[in-house]
Amino acid sequence: MKPIYDVKDVMKILCVGETYAYKVIKTLNKELEESGYLTVRGRVNAKYFNERYMFDNVDSKEVV
C-alpha cells in the first residue's frame, strides 16, 4: 500500500475528476492540520483517506 495518495490515486479510487479530487485532498489535509499533523500540498495520507472513506477492508493495491 502506498503511504500517501496523490491526485491521480484519489481520482481513480473515487472515480471523480481532477478538480474534485484536489478538493477532497484539501479537505482531508485541513482536518489533519487541525489535529496537529503536518501535511503535503496535493497529497493525502493513505491511511487517513481510507478511514474517512471507510475503505479499511479494501486492499488499496487493487484499486490504485
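Here the structure is shown first, and the text comes after it.
On a predicted model such as this, the values are computed, not experimentally measured, just so you know. (Residues numbered from 1 in each chain as written. Predicted model: local features only at pLDDT ≥ 70, side-chain atom pairs only at ≥ 80, totals over all residues. Heavy atoms only, no water.)

J.: For this particular structure, what's the right way to read the packing of helix H1 (residues 7–14) against helix H2 (residues 18–34)?
T.: Working note: a packed helix pair is described by the angle between its axes plus the distance between those axes. The contact between H1 and H2 brings their axes to 9 Å, and the two run at 105°. Between H1 and H2, the crossing angle belongs to the class labelled roughly perpendicular. Within the contact between the two elements, H1 uses Val7, Val10, Met11 and Leu14 and H2 uses Glu18, Ala21, Tyr22, Val24 and Ile25. (Axes fitted to C-alpha atoms, helices over the stretch in contact; angles between N-to-C directions. Helix = DSSP H or I, 4+ residues; strand = E, 2+ residues; numbered from the N terminus. Parallel < 35°, antiparallel > 145°, perpendicular 65-115°, else oblique. Contact = heavy atoms within 4.5 Å.)

J.: In this structure, what is going on with the pattern of salt bridges? I would like to understand it.
T.: Pairing of side chains with opposite charge becomes possible as their charged atoms draw close. Counted by the stated rule, this structure contains two salt bridges. A salt bridge links Asp9 to Lys2; the nearest nitrogen and oxygen atoms lie 2.7 Å apart. What makes Asp9 buried here is its relative accessible area of 7%. As a salt-bridge pair, Arg52 and Glu31 come within 2.9 Å of each other at their nearest N and O atoms. Note that Arg52 is positioned in helix H3 (residues 46–52) and Glu31 in helix H2, a separation of 21 residues in sequence. (Salt bridge = Lys/Arg side-chain N within 4 Å of Asp/Glu carboxyl O. Buried < 20%, exposed > 50% of the residue type's maximum accessible area, 1.4 Å probe, protein only.)

J.: Even after reading the chapter, I still don't get unusual backbone geometry, so can you show me in this structure?
T.: Across residues other than glycine, the phi torsion is negative in most instances, and most of the peptide bonds are trans. Although it is not a glycine, Cys15 adopts a positive phi angle of roughly 55°. Note that Cys15 resides in the loop between H1 and H2. Overall, Cys15 belongs to the exposed group, its relative accessible area being 69%. One non-glycine residue with positive phi stands out, namely Met54, at about 55°. Position of Met54 relative to the elements: it lies in the loop between H3 and helix H4 (60–63). Look at Met54 and you get exposed, because its relative accessible area is 68%.

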